[in-house]
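As a plain string of letters, each chain reads:
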Amino acid sequence: MKITAGFTMMVAALALGGCSPAAQVPAQAQPQASSAQDDSAPLPDQRASAVHFLQPVFSVLDCEKKGEVEAGEVDNHFFELYFFADRDQSRSISQAEFLAHSSAESRDKDLYVFQQMDTNRNGTVSVMEYRQHVFRALELADTDADGVVTAEEAELAAFLRARSRP
Ligand SMILES: [Ca+2]
Ligand SMILES: [Ca+2]
Ligand SMILES: [Ca+2]
């Protein structure tokens, strides 16, 4: 307990919403971008999967509480994210480790995310695979392709509502 107190506190802080209260989401409505111009739109399940991956870590990436995440911010927070999933700090994430976060209802989605992350299909997610997945998920979630994933694009309000359900 003494040895890992620092790490435990960090994990506890992350579990409580990272460096910032997660509830502060800007209320302004973003105009929806027209979806007609986009020939290379990803399959809906990929976007849904990306959003599902980003929702629990959005507040970690958005430390400045701007209500949005830029790809450029990822490396500032990357190891907070990685060690959140790599619970035993072995520098690899096993399927069991990743699914330890799962609720019964999100297990199938989490398993799909894991399979997407494990690009070389060796059963574990490396630091590189995880990092690539974070960038890919941000790209997929960025519906209007302006380089920023807003809370609206990540459907964060619905996620936080569901999580705070009594
Ligand atoms: Ca591990
Ligand atoms: Ca792998
Ligand atoms: Ca955007």
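Everything discussed here concerns the structure shown above.
For every chain, the first residue of its written sequence is number 1, and the numbers climb from 1 along that sequence. Each chain takes a letter, starting from A, and each ligand takes a number, starting from 1, following the order in which they are written. In view of the model being predicted, local features appear only for residues whose pLDDT reaches at least 70, and side-chain atom pairs are presented and counted only at 80 or more, with totals across whole chains, interfaces and linings using the full set of residues.

K.L.:
Give a detailed account of helix H7 (residues 127–141), specifying residues and quantitative values.
P.N.:
Every α-helical turn comprises 3.6 residues, leaving residues that sit three or four positions apart pointing alike. Note on conventions: DSSP H or I runs of at least 4 residues are helices, E runs of at least 2 residues are strands, and numbering of each starts at the N terminus. In this scheme, a helix's expected span is set at 1.5 Å multiplied by one less than its residue total. The first and last C-alpha atoms of H7 sit 21 Å apart over 15 residues, in line with the 21 Å expected at 1.5 Å per residue. Once C-beta atoms are placed from the backbone, each residue is buried if 20 or more other C-beta atoms lie within 10 Å of its own, exposed if 12 or fewer, and partly exposed for counts between those two. If you check which residues of H7 are buried, you get Val134, Ala137, Leu138, Leu140 and Ala141. Projection of H7 onto a plane perpendicular to its axis shows the buried side chains occupying an angular sector of 165 degrees, all on one side. Of the residues in H7, the exposed ones pointing more than 90 degrees away from the buried face are Met128 and Phe135. As used here, the arc is the angular range of directions from the helix axis to the C-beta atoms.

K.L.:
Any chance you could break down unusual backbone geometry for me, citing the residues and the numbers?
P.N.:
Unlike most non-glycine residues, arginine 91 shows phi in positive territory, near 65 degrees. By secondary structure assignment, the location of arginine 91 is in the loop between helix H4 (74–85) and strand S2 (92–94). Positive phi outside glycine occurs at arginine 121, with the angle close to 50 degrees. Along the chain, arginine 121 falls in the loop between helix H6 (107–117) and strand S3 (124–126). Look at arginine 121 and you get exposed, because 7 C-beta atoms sit within 10 Å.

K.L.:
Which residues make up the nonpolar core, and what are the values?
P.N.:
One nonpolar core equals one set of buried Ala, Val, Leu, Ile, Met, Phe, Trp, Tyr and Cys residues connected by C-beta atoms within 7 Å. Counting 24 residues, the largest nonpolar core has Ala50, Leu54, Phe58, Ala137, Ala141 and Ala154 as the members making the most contacts within it. Residue assignment for this core shows that the elements contributing at least two residues are helix H2 (44–54), helix H3 (58–61), H6 and H7. The element contributing the most residues to this core is H7, with five residues.

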